[in-house]
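Descriptive analysis of the structure
So you can see what is in the structure, the chains are spelled out below.
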Protein chains: 2
Amino acid sequence: MSHYAARISAMEGEVQKLKVLTESLVNPGIVSFAGGAPGKEAYPFDQLREIAQEVFRPGPMGYESMKYGSSIGVTELREEIRDKLLAPRGLSVKLENIMVTAGGIQPMNLLSQLYLDPGDSILVETPSFVHTSMIFKMFQANFVPCAMDDDGLVMEDVEEKIQKHHPKFIYTVPTFQNPTGVTMSLERRKRLAQLAAQYDVVVLEDDPYREIRYSGETLPYIKSFDTSGNVILANSFSKIFSPGARLGYIVAEPEIIDKLCNVKLGTDTCTNTVTQCLCAEFFRKGYYPDHLRRLCDLYRSRRDALLRAIDASFPEGTKHTLPDGGYYAWVELPEGLNASAMKGEVAEKLNLCYGDGAIFFSEGTPAGSGCNCMRLNFSGLDEETIDTYIRKLGAFFCEKLEEASK
Amino acid sequence: MSHYAARISAMEGEVQKLKVLTESLVNPGIVSFAGGAPGKEAYPFDQLREIAQEVFRPGPMGYESMKYGSSIGVTELREEIRDKLLAPRGLSVKLENIMVTAGGIQPMNLLSQLYLDPGDSILVETPSFVHTSMIFKMFQANFVPCAMDDDGLVMEDVEEKIQKHHPKFIYTVPTFQNPTGVTMSLERRKRLAQLAAQYDVVVLEDDPYREIRYSGETLPYIKSFDTSGNVILANSFSKIFSPGARLGYIVAEPEIIDKLCNVKLGTDTCTNTVTQCLCAEFFRKGYYPDHLRRLCDLYRSRRDALLRAIDASFPEGTKHTLPDGGYYAWVELPEGLNASAMKGEVAEKLNLCYGDGAIFFSEGTPAGSGCNCMRLNFSGLDEETIDTYIRKLGAFFCEKLEEASK
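Now for a description of the structure that goes with this document.

What counts and how
For every chain, the first residue of the written sequence is number 1, and numbering continues from 1 onward in sequence order. Starting at A for chains and at 1 for ligands, labels are handed out in the order in which the entities are written. For a predicted model such as this one, the threshold for reporting local features is a pLDDT of at least 70, and the threshold for listing and counting side-chain atom pairs is 80 or more; totals across whole chains, interfaces and linings nevertheless cover every residue. To get the side-chain values, take all heavy atoms of the structure and skip hydrogens and water. Strands here mean DSSP runs of E at least two residues long; helices mean DSSP runs of H or I at least four residues long; both are numbered from the N terminus. Polar contact is the term for a pair of N or O atoms within 3.5 Å; when the atoms are in protein, one must be able to donate a hydrogen and the other to accept it, and sequence-neighboring residues count only if both atoms are side-chain atoms. For this analysis, residues touch if any pair of their heavy atoms sits within 4.5 Å. Polar here means any residue other than Ala, Val, Leu, Ile, Met, Phe, Trp, Tyr, Cys and Pro, which are nonpolar, and Asp, Glu, Lys and Arg, which are charged; Gly is therefore polar. Least-squares fitting of one copy onto the other uses the C-alpha atoms of those residues that reach a pLDDT of at least 70 in both copies. Here, any two strands with at least 2 DSSP bridges between them count as paired. Angles run from 0 to 180 degrees between N-to-C directions of axes, and those axes are lines fitted to C-alpha atoms, restricted for helices to the stretch in contact. Exposure classes here rest on a 1.4 Å probe applied to the protein chains alone. A residue is buried below 20% of its type maximum, exposed above 50%, and partly exposed in between. The crossover handedness rule: strands pointing away from the viewer, path from first strand over the helix to second strand clockwise, crossover right-handed. The term salt bridge refers to a side-chain nitrogen of Lys or Arg lying within 4 Å of a carboxyl oxygen of Asp or Glu. Each aromatic pair joins two rings of Phe, Tyr and Trp (for Trp, the six-membered one) with centres within 6.5 Å, and gets the label stacked for planes under 30 degrees apart, edge-to-face for over 60, and tilted for any other angle. Look at NZ for Lys and CZ for Arg. If either is within 6 Å of the ring centre and within 35 degrees of the ring normal, a charge sits over the ring. Multiplying 1.5 Å by the helix residue count minus one yields the expected span of that helix. Within this analysis, the arc is defined by the directions that extend from the helix axis to the C-beta atoms.

1. Focus on the side chain of Arg-210 of chain B
All names here are of chain B. The residue Arg-210 is located in the loop between strand 8 (202–206) and strand 9 (231–236) in this model. Within the local environment of Arg-210, its side chain forms a polar contact with the side chain of Asp-207, the two groups lying 2.7 Å apart. Excluding anything up to four places from it in sequence, Arg-210 contacts Arg-89, Thr-175, Phe-176, Arg-189, Thr-218, Leu-219, Pro-220, Tyr-221 and Asn-235.

Here it is as structure tokens:
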């Protein structure tokens, strides 16, 4: 057999970390807090049946849905993105600034194709999203982990590391961050856009959770403070429409969009036009606001159930984030408890799995980072299941801690 | 602005060639023989409306269509591929040998990710499909063009170039080749599989047109003669279902599929499950055989109209292929006519465009190769339009030749 390319061994470590999450998703026998998928109550089936009857017919929209699309995406969907998702959140852009992608992960692949040569440095959050880390490793990048606190990335640390490492880009999930649920403050958003201009470095703003907000005020996109064209926004329809539709988008300067379209041609020609047309119609018909309200109500209750059960049952000294939105809470167990080490026993005894905190710490962080941490997803399970299983997990940890202190 | 990666300048030349084709597709004011899209009469709208009503509902198939899929693809679609597309054509494989991709172009991207380091050599046909050439250049490969005749790739030339260049893989479109329409003979298919084993080199068999046959006998896949695991088959649903659905597949050894799934995770997570489920139902319900018959009848008449009009109107000394299937005829104009040079004038005067032959000749072929050639697509236009415009084109060429001989 022929030898594989160098990137294949470079990505192997991150692939193994990611598989900890993805394998839990395909084991239907286990109650999983490890995933990051919408609840199955969240899909707009009724609207889709109606829209499919209208779209799948000979006529302009029907042909558009069936034929090869342009690599920049279906015009009608890009118009909806501009008018219903960006403009209402204070980001005013033109159609030529928007391209559609195959889901919210593909932007990171396309931008890596565009910018990364082997050995290039990128600044990442600590902890950071393991799936995008895996992509950056596929492009043989070096990670420079930056500090975070309750207001997101710490800008002094970011600036110091820009000066030292001259990164190709800075990767951030500013709203309800994956994995921690933390949101970057307004001041830091402004500052990060300034740094992008000052040091001529690309900021990659990955913002798939922003619409799923349960409490607090919506914050502007970092992109809305961009004066240099160096801030690139990536977003997704997976959390607000359907992951299976594989729709996302990139907002950037036309020159960058143009290059990304070439890379897209070399990746998969174009994003599937069937779901682009279905999704465009979903927004055009005005179904989105009610749908989003329904999603937020659904997930707010689940978040509350999760935090309540943690507070009621986890050992004293446990810390957790208080996410205003998104899909995850981040839990730090008290000293003496190793979540990474216990996950096998938990799966076996409690029939439950969680997002092992350690996998979100990239190369460049101290060994053992995050092993007392967990990412707990609350979007995919109903309140009763959350309450029952989190309390079991809490009792298990309390027992372990007691054993350890003997 | 940050500097782009090295691959971006490496691919630029092929991008410009490809745009000659893609730009003609998005100009609705011109009659295009340059494209490679199905006719708009070819889409199964009635069946899709029916299937959408059944799939888009709470229930196993509905959830499957909406959620994140596995990177290997939806099981039900992979079963249909195995049972309705591969087995009836003599290729018996297991489910673990099949992964679904986002269209028929993505396999070349994923396989390049898996195998190609910058500077690696690959053997290509002469002429070769410009879109995949562009992908290989994105991965900074070197092309080694191999000779073709009416039976496809010339095996003596292939063997010599394997020995000399130690390529990572050999890329071929064996059935109704793009751009020539030529089909590789049975003996050469066997021989190519032998060479793959003997020299331990990967053969990438890209076969999107095989189902669209108008005359002659179906030939076995090269993959069906594979004894070493070195033959990898890529195929597409674009020509038999819908390009907009972005569905294709790869057939390979499980070890290779496993690696490709990792690369797929780093590209777009999974192929969209909405169209995977719609397509699986289309095949499961038995709609495919009648649909395929309808397509072949539609395109056979169009092929005949094209060849008739060429024979009736093009200058003496014109040669063209006689494709038994697929989407294209390849035309070689008599000496003194330069199709590349005339395409601007043709577009302006006749409101017509064709596939400029020169763009299908990769680096490594002599300068000026293919400039007297054209790829003419017949799938996308009705017979009357084909007849009218091809005769206009023929008259134009006759006039030009007469002028030149004065």
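Now that the structure is up, let's keep going.
2. Describing the interface of chain A and chain B
Listed per partner, the contact involves 79 residues of chain A and 79 residues of chain B. In this assembly, chain A and chain B are joined by 38 residue pairs in polar contact (both at pLDDT 80 or more). Those elements that provide at least two residues to the side of chain A that touches chain B are helix 1 (6–25), helix 2 (45–55), helix 3 (60–66), helix 5 (106–115), helix 6 (130–138), helix 9 (254–265) and helix 10 (273–284) of chain A. The leading source of residues in the side of chain A that touches chain B is helix 1 of chain A, at 8 residues. Its residues assigned to classes, the side of chain A that touches chain B comprises 38 nonpolar, 25 polar and 16 charged.

3. Here's the deal with the relation of the copies chain A and chain B
Of the two same-sequence chains, chain A is brought onto chain B (RMSD 0.0 Å, axial shift 0.0 Å) by a rotation of 180°. The transformation just described matches what one would write down for a two-fold rotation axis. Minimal C-alpha distance to the rotation axis in chain A is attained by Ala-52 of chain A, lying at 3.2 Å. Comparing contact sets, 100% of the residues at the interface of chain A also lie at the interface in chain B, consistent with an isologous, same-surface contact.

4. A few points about the sheet that holds strand 1 (residues 31–33) of chain B
All names here are of chain B. Judged by pairing direction, the sheet is mixed, and its 5 strands sit side by side in the order 1-13-14-12-11 without closing on themselves. Edge positions in the sheet fall to strand 1 and strand 11 (319–320), since each of these pairs with one other strand and no more. In the sheet, strand 1 pairs with strand 13 (residues 352–356) via 3 bridges, with the strands oriented parallel. In the sheet register, Phe-33 faces strand 13, and the bridge partner there is Tyr-354. Contacting strand 13 and strand 14 (373–377), helix 12 (residues 339–350) crosses the sheet at an angle of about 160° to strand 13.

5. Let's talk about the pairing of strand 7 (residues 169–172) of chain B
Residues and elements named next belong to chain B. The alternating pattern of strand 7 places Phe-169 and Tyr-171 on one face and Ile-170 and Thr-172 on the opposite face, and all of these are buried. As paired elements, strand 3 (residues 121–125) and strand 7 share 2 bridges and run parallel to each other. In the sheet register, Leu-123 faces strand 7, and the bridge partner there is Ile-170. Where strand 7 and strand 8 come together, 4 bridges link them in parallel fashion. By the bridge assignment for strand 8, Thr-172 is matched with Glu-205. Where the polypeptide runs from strand 7 across helix 8 (residues 186–198) and back to strand 8, its parallel neighbour, the crossover connection is right-handed.

6. Describing the sheet that holds strand 12 (residues 328–332) of chain A
Hydrogen bonds between backbone groups are what pair the strands of a sheet, and the pairing can be parallel or antiparallel. Residue and element names in this part refer to chain A. With mixed pairing, the 5 strands of this open sheet are ordered in space as 1-13-14-12-11. With one partner strand each, in any of the chains shown, strand 1 (31–33) and strand 11 (319–320) form the two edges of the open sheet. Pairing between strand 13 (residues 352–356) and strand 14 (residues 373–377): 2 bridges, direction antiparallel. Pairing of Gly-355 across the sheet is with Arg-375, part of strand 14. Across the sheet, helix 13 (residues 383–405) touches strand 1, strand 13 and strand 14, and the angle it forms with strand 1 is around 80°.

7. Things to note about the pattern of salt bridges
One pass over the full model with this rule turns up 52 salt bridges over all chains. Of the charged contacts in the structure, one is a salt bridge between Asp-387 of chain A and Arg-391 of chain A, with a shortest N-O distance of 2.9 Å. Of the two residues, Asp-387 of chain A and Arg-391 of chain A are both situated in helix 13; the distance of 4 residues between them amounts to about one turn of the helix. Two residues, Asp-356 of chain B and Lys-343 of chain B, come together in a salt bridge whose shortest N-O distance is 3.0 Å. Remark: Lys-343 of chain B occurs in helix 12 and Asp-356 of chain B occurs in strand 13; sequence separation between them is 13 residues. Here Lys-343 of chain B falls in the partly exposed class, since its relative accessible area comes to 30%. Because the salt bridges share partners, they merge into one network encompassing Glu-50, Glu-54 and Lys-285 of chain A.

8. Let's talk about the side chain of Ser-313 of chain A
All names here are of chain A. Among the structural elements, Ser-313 can be located in helix 11 (residues 288–313). Within the local environment of Ser-313, its side chain forms a polar contact with the backbone oxygen of Ile-390, the two atoms lying 3.5 Å apart. The residues contacting Ser-313, other than those within four sequence positions of it, are Ile-390, Arg-391, Gly-394, Ala-395 and Cys-398.

9. Description of the packing of aromatic side chains
Throughout the structure, instances matching the rule amount to 44 aromatic pairs over all chains. Look at Trp-330 of chain A and Phe-360 of chain A: their rings are 6.0 Å apart centre to centre, the planes differ by 80°, and that puts the pair in the edge-to-face class. With a gap of 30 residues between them, Trp-330 of chain A in strand 12 and Phe-360 of chain A in the loop between strand 13 and strand 14 connect regions that are remote in the sequence. Since its relative accessible area comes to 8%, Trp-330 of chain A is described here as buried. Here Tyr-327 of chain B and Tyr-328 of chain B contribute two aromatic rings whose centre-to-centre distance is 6.1 Å and whose plane-to-plane angle is 65°, an arrangement assigned as edge-to-face. Taken individually, Tyr-327 of chain B and Tyr-328 of chain B each receive the classification buried, so the pair is uniform in this respect. Pairwise contacts between aromatic rings join Phe-237, Phe-241, Tyr-249, Phe-282, Phe-283, Tyr-287 and Tyr-288 of chain A into one cluster. Here the basic side chain of Lys-137 of chain A rests over the ring of Phe-143 of chain A, its NZ or CZ set 5.1 Å away from the ring centre. Here the guanidinium or amino end of Lys-392 of chain B rests over the ring plane of Tyr-389 of chain B, the centre of that ring lying 4.5 Å away.

10. Describing helix 12 of chain B
Residue and element names in this part refer to chain B. Taking 1.5 Å of rise per residue, the 12 residues of helix 12 would be expected to cover 16 Å, yet its terminal C-alpha atoms sit only 14 Å apart, more than 12% below that figure. Buried within helix 12 are the following residues: Ala-339, Ser-340, Met-342, Val-346 and Leu-350. In a view along the axis of helix 12, the buried residues occupy a sector of 130°, so they form one face of it. In helix 12, the exposed positions that point more than 90 degrees away from the buried face belong to Ala-341 and Glu-348. Looking at the buried side of helix 12, the elements it contacts are strand 13, strand 14 and helix 13 (383–405).

Everything listed is a geometric property; what it means functionally is a separate question.
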